[in-house]
Amino acid sequence: MSDDLFPSGPWRGYFLDRREPGRHQMDLSLEFVNGRVTGEGGDRVGPFVISGRYDSGSGECHWTKSYIAAHDLFYEGIRVGKSISGIWELGPYRGGFKVWPLAYGDGDDNAETEKKEEAQPVDAVGELVGADTADAFRGR
């Protein structure tokens, strides 16, 4: 993989949370430079900032999503196809997420994918993020 798979600029995506079913949209502005990812964005919870790292060789990335004057969540993902997919965690809570560069349109976001994701239990990594992403997490 190369740095061009982590383009800086506007990204869009969603997170899943079994406590509140459905996709929860995120809009982000991300900057990827020399292994560091930083940015900001917003979702239904509120505005947030992003700070973390990425590896253009393995496609792995992780960051902290810090809501302004509130809590932090840890995100861990991997670049698969047009998007970054993975798991977010906040204490005992966890769920899946997927983000993609806005320049790629809607990514691979479609109603069929949404039905599969909502039908899956949140406890299983493979069922949360898809087989390719789950295999990458297990391969560590």
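Structure: see above.
Residues numbered from 1 in each chain as written. Predicted model: local features only at pLDDT ≥ 70, side-chain atom pairs only at ≥ 80, totals over all residues. Heavy atoms only, no water.

A. Region of the structure containing the overall build of the protein chain. Along the protein chain, the regular secondary structure elements total three helices and eight strands. Start at the N end of the protein chain and walk to the C end: the helices and strands fall as β-β-β-β-β-β-β-β-α-α-α. Here the protein chain holds 140 residues, and the buried ones make up 39% of them. A separation of at least 24 residues holds for 37% of the contacts in the protein chain among residues at least 6 apart in sequence. Element-wise, carbon and sulfur atoms account for 50% of the exposed surface of the protein chain, whose accessible area totals about 7,200 Å². (Helix = DSSP H or I, 4+ residues; strand = E, 2+ residues; numbered from the N terminus. Buried < 20%, exposed > 50% of the residue type's maximum accessible area, 1.4 Å probe, protein only. Contact = heavy atoms within 4.5 Å. Areas by Shrake-Rupley, 256 points an atom, 1.4 Å probe, with all protein chains shown as cover.)

B. Fine view of the sheet that holds strand β1 (residues 9–16). In spatial order, the strands read β1-β2-β3-β4-β5-β6-β7-β8; together these eight strands close into a barrel with antiparallel pairing. Geometrically, the sheet is characterised by an average inter-axis angle of 30° between neighbouring strands, direction not taken into account. Bridge count for strand β5 (residues 60–67) against strand β6 (residues 72–80) is seven bridges, and the pairing is antiparallel. If you follow His62 over to β6, its bridge partner there is Glu76. (Pairing = 2+ DSSP bridges. Axes fitted to C-alpha atoms, helices over the stretch in contact; angles between N-to-C directions.)

Honestly, it's all geometry; don't read function into it.
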